[in-house]
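The primary structure of each chain is shown beneath.
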Amino acid sequence: MRSLPRILIVEDESAIAELISVNLRHNGFQPVWAMDAESAQRELDEILPDVILLDWMLPGESGLALARRWRSAARTKAVPILMLTARGDEADRVAGLDAGADDYIVKPFSPRELLARIRAVLRRRVPESAGGLVKIAELQLDADTYRVSWQDKPLKVGPTEFKLLQYLMRHPERVHTRGMLLDKIWGDHVYIEERTVDVHVKRLRESLGEAGTMIETVRGAGYRLTGSPAP
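- The name given to the protein in an unreviewed UniProt entry is Phosphate regulon transcriptional regulatory protein PhoB, with the source organism recorded as Limnohabitans lacus.
- Listed under Function (unreviewed entry) in UniProt, the entry text for the protein is "This protein is a positive regulator for the phosphate regulon. Transcription of this operon is positively regulated by PhoB and PhoR when phosphate is limited."
- The UniProt entry for the protein carries the following comment under Subcellular location (unreviewed entry): "Cytoplasm".

**A word on helix α8 (residues 195-208)**
Okay, so step 1: In this model, α8 (14 residues) spans 20 Å end to end at C-alpha, consistent with the 20 Å of a helix rising 1.5 Å per residue.
Okay, so step 2: Once α8 finishes, G209 follows within two positions and takes phi at roughly 65 degrees, a positive value.

**What about the environment of E210?**
Okay, so step 1: Residue position: E210 is located in the loop between α8 and β10 (215-218).
Okay, so step 2: Classification of E210 as exposed rests on a relative accessible area of 59%.
Okay, so step 3: Considered as a pair, E210 and W150 are 60 residues apart in the sequence and their alpha carbons are 8.4 Å apart.
Okay, so step 4: Not counting chain neighbours up to four residues away, the residues in contact with E210 comprise W150 and Q151.

**Describing the side chain of T160**
Okay, so step 1: By the element assignment, T160 lies in helix α6 (residues 159-170).
Okay, so step 2: The residues contacting T160, other than those within four sequence positions of it, are D102, I185, W186 and H200.

Analysis parameters
- Residues numbered from 1 in each chain as written.
- Predicted model: local features only at pLDDT ≥ 70, side-chain atom pairs only at ≥ 80, totals over all residues.
- Heavy atoms only, no water.
- UniProt positions renumbered as here; feature names shortened; annotations may be inferred.
- Helix = DSSP H or I, 4+ residues; strand = E, 2+ residues; numbered from the N terminus.
- Expected span 1.5 Å × (residues − 1).
- Buried < 20%, exposed > 50% of the residue type's maximum accessible area, 1.4 Å probe, protein only.
- Contact = heavy atoms within 4.5 Å.

Okay, here's the thing in structure tokens:
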């Protein structure tokens, strides 16, 4: 029998956690609640969840710090993280995404929207492209070993940026709109703004260093990966 997707809810407000848990159970998920960083880490150490719902404001270690820690750990770096917070300013959204969150949901949110976003990140875990090696110029990506290199030197790339780079490298020299990239990388039923793509492209370029110029911005259209970037 197929097990239900396990969702770890890291939320210190019991009423919110219970509301989320009830909706998840009614829609075919297995919710697990942790009220702080310490109990969340215990749950992660015991069984790895399919998705983490992470509140920004937690007692002790913040959700932002937890996201950074889990993204840097080999065991948890590929687990999707949805940040839950009342902080809705653009700067806060960018901070959450920069910390490693895959999506950012501002309270109050509807259960229907939350469920749609969880399903979207679960779809996102299954790569559209096949595994194997792809190389453009001196940039190389190996989907089987989860490695990226430039001029034979390894590069550190986050999980969402890896998926973005993999898609761009398998479809080079084409212009991809932000909407297209949202559909292909984030799933076709998400409610995040298109500027989320810009944040992850910026992070990807920074991770690639010299090779970052291979990702070109096509004004008024979107992004393109090329083996022959303009000087």
